[in-house]
Amino acid sequence: MGSAVERTDEHVREYLIYRGFTSTLKHLDSDIKSDKEKGFRVDKIIDQLQLFIQNYDLTGLKDYWGYLDRRLFCRLEDIYRPTVNKLRTSLYRFYVIHTIQSKNLEKTQEFFQRQALELQGQSEWRDWFILPFISAPEQNPAFSPYFSRQWADTFLVSLHNFLSVLFQCMHIPVLLSFDAEVQKTTRLQEENERLRQRLFTLQGDYCAKTAEEDVVHHKLPAYVQHMDRLGDTELDLVSSQRGANPASNSPSRNFFSTLLPQGKRAPGKALPGPGSSPTQASLGRKDTLTNQPVKAKDAGPVKEVKPASSDPQQTAYPRQRRSQDHEKERKELFSKPQLQAFEKKTDNLDPEPQPEPPGEATDTPQGQARAGGSGGEGAGGLGVEQPFIKLSQEEYGEHHSSIMHCRVDCSGRRVASLDVDGVIKVWSFNPIMQTKATIMSKSPLLSLEWATKPDRLLLLGSGVGTVRLYDTDAKKNLYEMSIDETHPRILSLACSPSGTSVVCSAAAHSARSGSVTETMPRLPVPVSGQLLLWDTKTVKQQLQFSLEPGPVAINCTAFNHNGNLLVTGAADGVIRLFDMQRYESVMSWRAHNGEVYSVEFSYDENTVFSVGEDGKFVQWNIHRCGVKQSEQPLPQDATGPFVLSGYSGYKQVQVPRGRLFAFDSEGQHVLTCSNNGGLIYKLNSSGESALERVLPLGGHKAPVVTVDWCSAMDCGTCLTASMDGKIKVSTLLAQKA
């Protein structure tokens, strides 16, 4: 409730400013400052009571409790009155114990003198009037429990819980009900998302099952596909087996006889009339078929022509019915001893390539799930199942220049993207892709990061030595921090998980040439830099970290889950690990030959992964300084510098700025950059290769320069941003083993 009241006060203040009610605004601010209910913040009420006790202000303590009684407690039912009286008694005892522990006996005696008339008739205070006259009350069995830390903590927690429940049960005015509606809407959206992902899962399972059934029932054998190319021996055998059935002789004879030209058919072999015997019909058809090989060369080109039967019923036969008839004939043929002659004949036939069934297309989710590393299906079996299915891929195309950063917030609802022109887009992709805010910066921007609490705030680092805090809901700058004029380039920003502090990396102007045509490895160019810690509440710099052996530009920073550790990657190729409780470096080691571009903690936070200018993806053990657990070289299109070629030899070169890799929710797979889209690898704990290629996301026409992986929902969402300003949003479904 406290947070809702605070937000409502902000809205009311904004409304008064909009209406021009300045005098009312001044009165509102004055009343808020003197608010005894502290905006219904229980922690602040407890702090105020403790402040009165620590200052020995008995009058203020009584007045404040009396105000709470008149304002809040009197509205309770009578059954809660004993609880209120017990809390008041414990509060007074807490005051008395504090005066004795601080050895201020004058305040102890003053308390009993001023409260004598009120307390002497109460049985729970009867034995307490001798307390000032006991030499060591903390050793007295009757009073020793009240001097323990456990009793004090129990009392404060009980008072805190009582006030919290009281505020939750209070009647909420209409103006405050919007917060409950927002929470309800958020819950409904999350529930809709879960149902949507569940629907995707069920659709994927259904399509996979349907595809398997199609493979079993609709993939015809080779001999059925080539049934229209039966040779002399096959036709002879079929004719001899079906000679006893006069009803079926005429259609079969007409069908195969049309494969020969009209002028080259055997003379004198007319169709048998209705009175002909089955034997005569069979012999007549056999003679015709026997003469067919003699005319095979002349009739060869006619084999691909569709037969035009004189039988009306034959021309009306659908293709499927005809294939079924051929299959029956084939079964009859295989059931007789003449099968060996047929096999010898068909060995010389050239089989046509079998078309891939529609259900096996690899651009569908089911096809991707079956497309294993060995490349497709075996004889009648399915391929290796992949850990992810790509359900969909959407494109965000509001940028008109190369992307530098693309980050999704911790809730998975917003995405912030920054291009080289200094344009920032705040947008959402769920349930629909929609731009929420557009920020145009006059000064160049180099870094971007979401704040953790609240997650609507965005940190923007510029190239002129300033860091701005932008509210994406209100669409305005809250404040701007000025760093150092000698180090104007804000290369990296990282907000602690608690949201109370921000780590800022500032560097001087770079002296590197930016050439990417060097073939020999070069030494890192020393660039001066600072690593600063800022307090988000006071908007002041807390301290500057010590960088050994000297000040150097920090390219990337990352916190662990609780903010106790900070890992950084620098331009000198060194990774530094900082203890955020003592604010000092606990270890550092040279990690790469060249700059460190990107660094992240592993899922279990026992190791650190890094990507550097030398094109290596390395896993480091943080318990053993400088010890590699694995190392994997990556192609240049995954580590940069990124090159986009154009017409007439034009080349656009971009140095890595954003994230070059991102992990899934379980830390088992990693997403990297490539020339035409993101690449997902599986992390191998053992084996020759540390990375195993799993799934290419594709979809890009320009090199991907930064990636991010959102695992806030059941379905993971991969973001890949490229040099042509396009951002692909790929929704993945994890295949549970």
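Everything numeric in this text was worked out from a predicted model, so none of it was measured.

(A) Quick look at the packing of aromatic side chains. Enumeration according to the criterion identifies 23 aromatic pairs in this entry. Ring geometry for Phe609 and Phe663: centres 5.1 Å apart, planes at 55°, overall tilted. Residue Phe609 is found in strand S19 (residues 607-612), and its partner Phe663 is found in strand S24 (residues 661-663); the two are separated by 54 residues along the sequence. For the pair shown, Phe609 and Phe663 are each scored as buried. Three or more aromatic residues joined by ring pairs form one cluster here, namely Tyr92, Phe94, Tyr95, Phe111, Phe112, Trp125, Trp128, Phe129, Phe143, Tyr146, Trp151 and Phe155. It is Arg93 that lies over the ring of Trp125; its NZ or CZ is 5.4 Å from the centre.

(B) Molecular detail of the pairing of strand S10 (residues 489-495). The buried count for S10 comes to seven of seven residues, which makes it a mostly enclosed element. As defined by bridge partners, S10 adjoins strand S11 (residues 501-507) across six bridges and the pair is classed as antiparallel. Looking at S11, one finds that Cys495 is bridged to Val502. Linking S10 back to S11 in an antiparallel pair, the connection comprises five residues, with Gly499 at a positive phi of about 80°.

(C) Representation of the confidence of the model for the protein in the model. Here the protein averages 77 in pLDDT, while 71% of its residues score no lower than 70. Across residues 336-383, confidence stays below pLDDT 50; counting only partners more than four residues off in sequence or on other chains, it has 65 contacts.

(D) Representation of the sheet that holds strand S15 (residues 565-570) in the model. Here four strands make up an open sheet; going across it, the order is S14-S15-S16-S17 and the pairing antiparallel. Two strands close off the open sheet at either side, each with one partner strand: strand S14 (554-559) and strand S17 (584-590). Here the average twist between neighbouring strands, direction ignored, is 20°. Here S15 runs beside strand S16 (residues 574-579); their pairing, made up of five bridges, is antiparallel.

(E) A look at the sheet that holds S11. The strand order across the open sheet built from four strands is S10-S11-S12-S13, with neighbouring strands paired in antiparallel fashion. Strands with a single pairing partner mark the edges of an open sheet, and in this sheet they are S10 and strand S13 (540-544). Between one strand axis and the next, the sheet turns by 30° as a mean value, whatever way the strands run. Pairing of S11 with strand S12 (residues 529-535), which is carried by seven bridges, proceeds in the antiparallel orientation. From the neighbouring strand, Ala507 faces S12, where its bridge partner is Gly529.

(F) The arrangement of the nonpolar core in detail. Within the largest apolar cluster, 43 residues are counted, with the highest numbers of intra-cluster contacts made by Trp65, Leu68, Phe73, Phe111, Leu159 and Leu163. Only helix H3 (42-54), helix H4 (58-71), helix H5 (81-101), helix H6 (105-114) and helix H8 (149-169) provide two or more residues apiece to this core. Non-local contacts of Leu159, meaning those with residues more than four positions away in its chain, are made with Ile46, Leu49, Trp65 and Leu87. Ala638, Leu660, Cys673 and Met723 belong to the second largest nonpolar core, which has 31 residues in total.

(G) Region of the structure containing H4. Relative to the 20 Å expected for 14 residues at 1.5 Å per residue, H4 spans 20 Å between its end C-alpha atoms, a close match to the ideal helical length. All buried positions along H4 are accounted for by Leu58, Gly60, Leu61, Tyr64, Trp65, Gly66, Tyr67 and Leu68. Buried positions along H4 lie against H3, H5, H6 and H8.

Reading the values: the criteria
- Residues numbered from 1 in each chain as written.
- Predicted model: local features only at pLDDT ≥ 70, side-chain atom pairs only at ≥ 80, totals over all residues.
- Heavy atoms only, no water.
- Phe/Tyr/Trp six-rings, centres within 6.5 Å; stacked < 30°, edge-to-face > 60°.
- Helix = DSSP H or I, 4+ residues; strand = E, 2+ residues; numbered from the N terminus.
- Buried < 20%, exposed > 50% of the residue type's maximum accessible area, 1.4 Å probe, protein only.
- Lys NZ or Arg CZ within 6 Å of the ring centre and 35° of its normal.
- Pairing = 2+ DSSP bridges.
- pLDDT = per-residue confidence, 0-100.
- Contact = heavy atoms within 4.5 Å.
- Axes fitted to C-alpha atoms, helices over the stretch in contact; angles between N-to-C directions.
- Core = buried A, V, L, I, M, F, W, Y, C linked by side-chain atoms within 4.5 Å.
- Expected span 1.5 Å × (residues − 1).

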